[in-house]
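# Structural characterization, general
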Amino acid sequence: MSETMITAVWYIVAAMNIIAFILMGTDKIKAKLDKRRIPEKVLFLFAILFGAIGGTIGMYSFRHKTKHWYFAIFFPALAILQFALLVYFKFSTM
């Protein structure tokens, strides 16, 4: 894999995590203001698409969705899996 492609992958992963973090904060604000919310399937989509680390950090930073068992279990589990895959990817491309 070329160095440019590897760099692009890291930028995409970073962007997905930042977006997932921001979505959690935005949804928390909308919940407090009783505004139209971000659908849970959108939050899960960004988590599945390599944004679980940012989503999990956002979930606990904003104390949002932590009482929903499916968020409390699947977001951290996805984050651990994605972190392991990223570590593997990092060391397998050296």
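These remarks concern the structure in this document. (Residues numbered from 1 in each chain as written. Predicted model: local features only at pLDDT ≥ 70, side-chain atom pairs only at ≥ 80, totals over all residues. Heavy atoms only, no water.)

Time to look at the packing of aromatic side chains. Under the criterion given, the structure shown has nine aromatic pairs. Here Phe21 and Phe62 contribute two aromatic rings whose centre-to-centre distance is 5.1 Å and whose plane-to-plane angle is 45°, an arrangement assigned as tilted. Of this pair, Phe21 sits in helix α1 (residues 3-32) while Phe62 sits in the loop between α2 (40-61) and α3 (69-92), and the two are 41 residues apart along the sequence. Taking the relative accessible area as the measure of exposure, Phe21 reaches 29% and is therefore partly exposed. Considering the side-chain rings of Tyr70 and Phe71, the 5.4 Å spacing of their centres and the 45° angle between planes classify their relative orientation as tilted. When its relative accessible area of 25% is taken as the criterion, Tyr70 is described as partly exposed. (Phe/Tyr/Trp six-rings, centres within 6.5 Å; stacked < 30°, edge-to-face > 60°. Helix = DSSP H or I, 4+ residues; strand = E, 2+ residues; numbered from the N terminus. Buried < 20%, exposed > 50% of the residue type's maximum accessible area, 1.4 Å probe, protein only.)

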